[in-house]
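Geometric and topological summary
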Amino acid sequence: MASTPVTVIGDVSVFQLLAGRDFAESHALAGQMANYVYVLVPQSDPSAAVLVDPCYNVAEVAACAAAGGAVAIATALFTHRHPDHVGGSFGGVVLEGLREVLELVGGPTCGVGALDLPATAKQCHVDPARLTALHDGDTVTVGPHAAITVIHTPGHTDGSLCFQLQQLPCSDQEASFPAQPTAVFTGDTLFIGSCGKWQDSQSLRYLVMSLDRLAELPDDTIVFPGHNYAHPTSSTIGREKGGNDLMMQALEAAPKLRDLAATQPGILAPVGFENGVAVLGRRKASFTPADTRHLPTYIACARQELTAEALAKCTVVCTECTSKAAEPASALCHL
């Protein structure tokens, strides 16, 4: 692990580890997948270190944390349930992750998105009761001078999370630290110059809203993605808003999607969200679980009409959309 943190927020040193290079060098998949793991070490309380998405070789990740000054791992946070982030079977290969973290000395708390928790527990073969369900707005302290705010960003998976790290205000009696921008660990929701994949039109709608919500963070917020898919190895929200084509398209599409949601109950709320309410940004969309009506609204670019020309550019087209091609509709088309 590099001896120098990539940033310091409050008194928390942030180390960025690349799988296959900084740890798990001999692992068959680590180098191909290029996952990032993050180690957060509060200098005033090095027994309160936090890991983000530890995987592949947890013992080596813990050793890297110790090299960065951590005395103990208090918490491990996972951005989403996919095996290259939490562990489990992946293409016939069993990956280390959450299960091995629970076996570390002291038994760190493991936090997973509430909607991803059941699948995570099953694939990692752990008792769900041993995991902490994380919800939008939850706070995780990182020593006495910094905290993480949980941001629910569905799309890549229903329970995908981002973690915003920021320093806490210091009283006159406490040490003061230079003002630092916040940082956000985006998992597979937001990459540098791109974003995570989606499964269908519903998950794409969610990803659009999640990217729109991340865009509300301060422009100088440092973006730490879940994979090394681009250079440099970090970015800022401001740079992504101005240069990430998919994020820019999402920012155009999100207001229109909100307008559609206001008149089309169910468009922003898949079955499975607690109490029939999905929290997206600061908006809530109620829904009827039995409502399975098709809505020809594939969100990615903000086209005004669903025309034959627009359909020709789609990568996903259903028969109902095709039948409507001759009749322009007020809808957005899949990229």
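Residues numbered from 1 in each chain as written. Predicted model: local features only at pLDDT ≥ 70, side-chain atom pairs only at ≥ 80, totals over all residues. Heavy atoms only, no water.

Re the overall build of the chain
Each helix and strand counted, the chain has ten helices and 19 strands in total. Out of the 335 residues belonging to the chain, those deemed buried represent 53%. Within the chain, residue pairs in contact and separated by at least 24 positions form 61% of the contacts whose partners lie at least 6 positions apart. Carbon and sulfur atoms make up 51% of the accessible area of the chain, which totals about 14300 Å². (Helix = DSSP H or I, 4+ residues; strand = E, 2+ residues; numbered from the N terminus. Buried < 20%, exposed > 50% of the residue type's maximum accessible area, 1.4 Å probe, protein only. Contact = heavy atoms within 4.5 Å. Areas by Shrake-Rupley, 256 points an atom, 1.4 Å probe, with all protein chains shown as cover.)

Re the environment of Ala119
Tracing the sequence through the fold places Ala119 in helix H5 (residues 117–124). As a C-alpha pair, Ala119 and His82 span 37 residues in sequence and 9.2 Å in three-dimensional space.

Description of the pairing of strand S3 (residues 36–42)
Most of S3 is tucked away, with seven of its seven residues classed as buried. Along S3, one buried face is formed by Tyr36, Tyr38, Leu40 and Pro42 and the opposite face, lined by Val37, Val39 and Val41, is buried too. Direction of pairing for strand S2 (residues 12–18) relative to S3: antiparallel, over a ladder of seven bridges. In the sheet register, Phe15 faces S3, and the bridge partner there is Val39. (Pairing = 2+ DSSP bridges.)

Points about unusual backbone geometry
The omega torsion of the bond from His231 to Pro232 falls at 5 degrees, within 30 degrees of zero and hence cis. The residue Pro232 is located in the loop between strand S16 (222–225) and strand S17 (235–236) in this model. Phi at Ala24 takes a positive value of approximately 55 degrees, unusual for a residue other than glycine. For Ala24, the position within the fold is in the loop between S2 and helix H1 (30–33). Judged by its relative accessible area of 3%, Ala24 is buried. Residue Asp53 is not a glycine yet carries a positive backbone phi of 60 degrees. Take Asp53: it is sitting in the loop between strand S4 (49–52) and helix H2 (58–67). Residue Asp53 is classed as buried on the basis of its relative accessible area, which comes to 2%.

Some thoughts on the sheet that holds strand S12 (residues 161–167)
One open sheet holds the six strands; their spatial order is S10-S11-S12-S13-S16-S17, and the pairing between them is mixed. A single partner strand is all that each edge strand has here, and the edge strands are strand S10 (139–141) and S17. One ladder, built from two bridges, connects S16 with S17; its direction is antiparallel. Residue pairing for S17: Val223 is matched across the bridge by Ser235.

Some points on the pairing of strand S11 (residues 146–152)
Counting buried residues in S11 gives six out of seven residues, a clear majority hidden from the surface. Bridge count for S10 against S11 is three bridges, and the pairing is antiparallel. Following the sheet pairing, Val140 is matched in S11 by Ile148. The pairing of S11 with S12 spans seven bridges and is classified as antiparallel. Within S12, the residue paired with Val150 across the bridge is Phe163.

Thoughts on H5
Every buried residue belonging to H5 is among Leu117, Thr120, Ala121 and Cys124, and all of these are buried. Viewed along the axis of H5, the buried residues span an arc of 95 degrees, placing them on a single side of the element. Residues Pro118 and Lys122 are exposed on H5 and point more than 90 degrees away from its buried face. Each element contacted by the buried residues of H5 is listed here: helix H3 (83–86), helix H4 (98–102), strand S8 (109–113) and strand S9 (131–134). After H5 finishes, the residue His125 shows a positive phi value of roughly 60 degrees. (Arc of directions from axis to C-beta.)

Quick word on the nonpolar core
Grouped together as the largest cluster of nonpolar side chains are 35 residues, with contacts concentrated most on Phe23, Tyr56, Phe78, Leu98, Cys110 and Leu131. By size, the runner-up hydrophobic cluster in this structure holds 24 residues, among which are Val12, Val52, Val140 and Phe224. (Core = buried A, V, L, I, M, F, W, Y, C linked by side-chain atoms within 4.5 Å.)

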